[in-house]
Amino acid sequence: MKPVKSAKLALLAAGFSLTLSAAAVAEETIKVGILHSLSGTMAISETTLKDTMLMLIEEQNKKGGLLGKKLEPVVVDPASNWPLFAEKAREMISKDKVSAVFGCWTSVSRKSVLPVFEELNSLLFYPVQYEGEESSKNVFYTGAAPNQQAVPAVDYLMNELGVERWVLAGTDYVYPRTTNKILEAYLKAKGVADEDILINYTPFGHSDWQSIVADIKKFGSAGKKTAVVSTINGDANVPFYKELGNQGISAEDIPVVAFSVGEEELSGIDTKPLVGHLAAWNYFMSVDAEANDTFIQSWQEFINNDKRVTNDPMEAHYIGFNMWVEAVKKAGTTDPDKVQQAIIGVTVPNLTGGYATMMPNHHITKPVLIGEIQDDGQFQVVWNTPSTVMGDAWSDYLEGSKNLTADWTAPLMCGNYNTQTGKCSGQNF
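Given the structure is predicted, the values throughout are model-derived calculations rather than measurements.

A.B. asks: Can you walk me through the overall build of the protein chain in this structure?
C.D. replies: Across its full length, the protein chain carries twelve helices and 19 strands. By principal-axis analysis of the C-alpha atoms, the protein chain measures approximately 100 × 55 × 40 Å. Here the protein chain, with 429 residues, has 55% of them falling under the buried criterion. Considering only intrachain contacts with a sequence separation of at least 6, the fraction spanning at least 24 residues in the protein chain is 67%. Within the structure as shown, the protein chain displays about 17,600 Å² of accessible surface, and the carbon and sulfur contribution to it stands at 51%. When the 35 positive and 51 negative side-chain charges of the protein chain are each reduced to one mean point, those points stand 9 Å apart.

Below, the structure written as structure tokens:
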């Protein structure tokens, strides 16, 4: 019986050794979560961001990885299902043990995952323009706040094009509603009357735009220069712009400035009727900069398609990923608390020839660009800020927000510090 017992012990020892080896292999990589919709209404925008992250991780691994370890992407598909974002985020953090997550597009998806990141103390890098009114210890907002996109776009339309009547058209969720609330307050502060502001919301994936565009056309026929400020998101943009063309609305008549339409979205539609309409971003593919040329070349080689375009949220991931890498190097660890402290003040190149810095409110510095749609689906920059703009977590134009500030450095460590009462209203936002 002794040989059998010895054999069993040997098998147990071998199994234990294999378990240890598997654990050792797992520890040899740093896992990076990629949380973007690869199906559903937002796939038109988010699939490219997944591929961007895979490219950035591959490039970092070619440089030797990070802290002597290779980066390992963990890709999931929350399928444009907002509750599923939270479920997938929890799984990546708890089960897959990712060190950071890069993802989300819509604010409703970000709001869905936020409690998970705070509960489990993980880090989210969010790459898309949003409505502000938030600052979390666990989120880094690498897309534009309203003062880095929406407000400058309105200023451009008002000051450069003489717009007096305003259509605020958006998809029906938190980002358009809050952004338009800020813009409405801003316009009224500038003396715009109630009757010169038309606000309209449509559901995700909305496809029948005939009556809405007719209403816009009628609203613009009152003898005052009219513009549409669009916070329409996802694949609903395709039939919206097609209907503008169908009803003969040109950029000279009623210009549209979009906050969620970039090169990727335009690549799926006929842009000829849209020439002259506008978008406000912090990056355009057409920008003449050495860093941009290098990025475009790397992207098209990675995706094996020299026709593929780049866009603003891709640049935001480029900036956010490089900031995370530098913060991990600085901290000497992927520990979320230490990375969160180390990343404040980290400065990395952007793709427009300048630099981006992570500020204490977890927003970054960005230039603001207005681009005009060309018939090749690209944008010609027609206006830009002379320097970068620091993102505001809290709007100066909303009564409940204008006295709030965010600062995640000691001793404040607060996302919504009230400068009048001297108190932090809550742990995060």
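A.B. asks: What is the right way to look at the packing of aromatic side chains in this model?
C.D. replies: Counting across every chain of the model gives 17 aromatic pairs. Cluster of aromatic residues (ring-pair linked, three or more members): Trp 82, Phe 85, Tyr 173, Tyr 175 and Phe 204. In this arrangement the basic side chain of Arg 110 is found over the ring face of Tyr 126, its NZ or CZ atom lying 4.9 Å from the centre.

A.B. asks: Sorry, what's going on with the environment of Ile 182 here?
C.D. replies: Positionally, Ile 182 belongs in helix H6 (residues 174–189). Residue Ile 182 is classed as buried on the basis of its relative accessible area of 1%. Residues Ile 182 and Gly 132, 50 residues apart in the sequence, show an inter-C-alpha distance of 9.7 Å. Residue contacts for Ile 182: discarding those within four places in its chain leaves Glu 131, Glu 133, Pro 146, Ser 395, Tyr 397 and Leu 398.

A.B. asks: Could you clarify how one ought to interpret the sheet that holds strand E17 (residues 404–407) in this entry?
C.D. replies: Strand pairs in the sheet, formed through backbone hydrogen bonds, run parallel or antiparallel to each other. The strand order E17-E18-E19 describes an open sheet built from three strands, whose pairing is antiparallel. Looking at strand neighbours, the two that pair on one side only are E17 and strand E19 (423–424), the edges of this open sheet.

A.B. asks: I keep staring at the side chain of Gln 247 and nothing clicks. Help me out?
C.D. replies: Secondary-structure assignment places Gln 247 in the loop between helix H8 (237–246) and strand E9 (256–258). Setting aside anything within four residues of it in sequence, one finds Gln 247 in contact with Gln 210, Val 213, Ala 214 and Lys 217.

A.B. asks: What's the story with the packing of helix H7 (residues 210–219) against H8 in this structure? I'm lost.
C.D. replies: The packing of two helices is summarised by the inter-axis angle and the distance between the axes. Packing of H7 against H8 brings their axes to within 10 Å, and their N-to-C directions diverge by 55 degrees. Considering their axes alone, H7 and H8 lie oblique with respect to each other. Here H7 and H8 pass one another in a crossing that is right-handed. Side by side, H7 and H8 meet where Gln 210, Val 213 and Ile 216 of the first sit next to Phe 240, Glu 243 and Leu 244 of the second. Residues that form the contact of H7 with H8 fall into these classes: four nonpolar, one polar and one charged.

A.B. asks: Help me understand the confidence of the model for the protein chain in this model?
C.D. replies: Fine structural detail should not be taken from predicted coordinates in areas where pLDDT scores are low. Residues of the protein chain with pLDDT of at least 70 account for 93%, and the chain-wide mean is 92. Under a pLDDT of 50 for its full length, residues 1–5 has, in the predicted model, zero contacts with residues more than four places off or in other chains. This model gives residues 16–26 a pLDDT under 50, and the stretch forms zero contacts once residues within four places in sequence are excluded.

A.B. asks: Honestly, unusual backbone geometry in this entry has me stumped. Any pointers?
C.D. replies: Residues other than glycine predominantly adopt negative phi, and peptide bonds predominantly adopt the trans conformation. Between Ala 410 and Pro 411 the backbone carries a cis peptide bond, its omega angle lying at 5 degrees. With respect to the element layout, Pro 411 can be found in the loop between E17 and strand E18 (414–418). At Lys 97, a residue that is not glycine, the phi angle is positive and equals roughly 60 degrees. Structurally, Lys 97 can be placed in the loop between helix H3 (82–94) and strand E3 (100–103).

A.B. asks: Would you take a moment to explain the environment of Ile 296 for this structure?
C.D. replies: Mapped onto the elements, Ile 296 comes out in helix H10 (residues 290–303). Note on Ile 296: relative accessible area 14%, which makes it buried. Here the alpha-carbon distance between Ile 296 and Gln 378, two residues 82 residues apart in the chain, equals 14 Å.

A.B. asks: What is the right way to read the sheet that holds E9 from this model?
C.D. replies: Strand order across the open sheet formed by seven strands is E7-E6-E8-E9-E10-E14-E15, with mixed pairing between neighbours. Because the sheet does not close on itself, it has two edges, and the strands there are strand E7 (197–202) and strand E15 (379–384). Between one strand and the next, the sheet's axes are offset by a mean angle of 25 degrees, whatever the strand orientation. Of the strand pairs in this sheet, strand E6 (residues 165–171) and strand E8 (residues 226–231) are connected by six bridges, and their pairing is parallel. By the bridge assignment for E8, Leu 168 is matched with Val 229.

A.B. asks: Would you mind going over the state of the cysteines with me for this structure?
C.D. replies: Covalent bonding between the sulfur atoms of two cysteines defines a disulfide. Tallied over the full model, the rule gives one disulfide. Across a sulfur-sulfur distance of 2.0 Å, Cys 414 and Cys 424 are joined as a disulfide pair. The disulfide joining Cys 414 to Cys 424 has a torsion of about 95 degrees about its S-S bond and is therefore right-handed. In this pair, Cys 414 is assigned in strand E18 and Cys 424 in strand E19, connecting sequence segments ten residues apart. Classification of Cys 414 as buried rests on a relative accessible area of 0%. Note on Cys 424: relative accessible area 39%, which makes it partly exposed.

A.B. asks: Just to check I follow, could you spell out the pattern of salt bridges for this structure?
C.D. replies: Opposite charge on two side chains permits pairing when their charged atoms draw close. Within the structure shown, the criterion is met by 15 salt bridges. In this structure, the salt-bridge partner of Lys 137 is Asp 337, at a minimum N-O distance of 2.7 Å. Here the residue Lys 137 occupies a position in the loop between strand E4 (124–126) and strand E5 (139–141), and Asp 337 occupies one in helix H12 (residues 336–343), the gap between them amounting to 200 residues. What makes Lys 137 buried here is its relative accessible area of 15%.

Thresholds applied
- Residues numbered from 1 in each chain as written.
- Predicted model: local features only at pLDDT ≥ 70, side-chain atom pairs only at ≥ 80, totals over all residues.
- Heavy atoms only, no water.
- Helix = DSSP H or I, 4+ residues; strand = E, 2+ residues; numbered from the N terminus.
- Buried < 20%, exposed > 50% of the residue type's maximum accessible area, 1.4 Å probe, protein only.
- Contact = heavy atoms within 4.5 Å.
- Areas by Shrake-Rupley, 256 points an atom, 1.4 Å probe, with all protein chains shown as cover.
- Lys, Arg positive; Asp, Glu negative; His and termini not counted.
- Charge placed at Lys NZ, Arg CZ, Asp CG, Glu CD.
- Phe/Tyr/Trp six-rings, centres within 6.5 Å; stacked < 30°, edge-to-face > 60°.
- Lys NZ or Arg CZ within 6 Å of the ring centre and 35° of its normal.
- Pairing = 2+ DSSP bridges.
- Axes fitted to C-alpha atoms, helices over the stretch in contact; angles between N-to-C directions.
- Parallel < 35°, antiparallel > 145°, perpendicular 65-115°, else oblique.
- Left-handed = near helix turned anticlockwise from the far one by under 90°.
- Nonpolar A, V, L, I, M, F, W, Y, C, P; charged D, E, K, R; others polar.
- pLDDT = per-residue confidence, 0-100.
- Disulfide = S-S within 2.5 Å.
- Salt bridge = Lys/Arg side-chain N within 4 Å of Asp/Glu carboxyl O.

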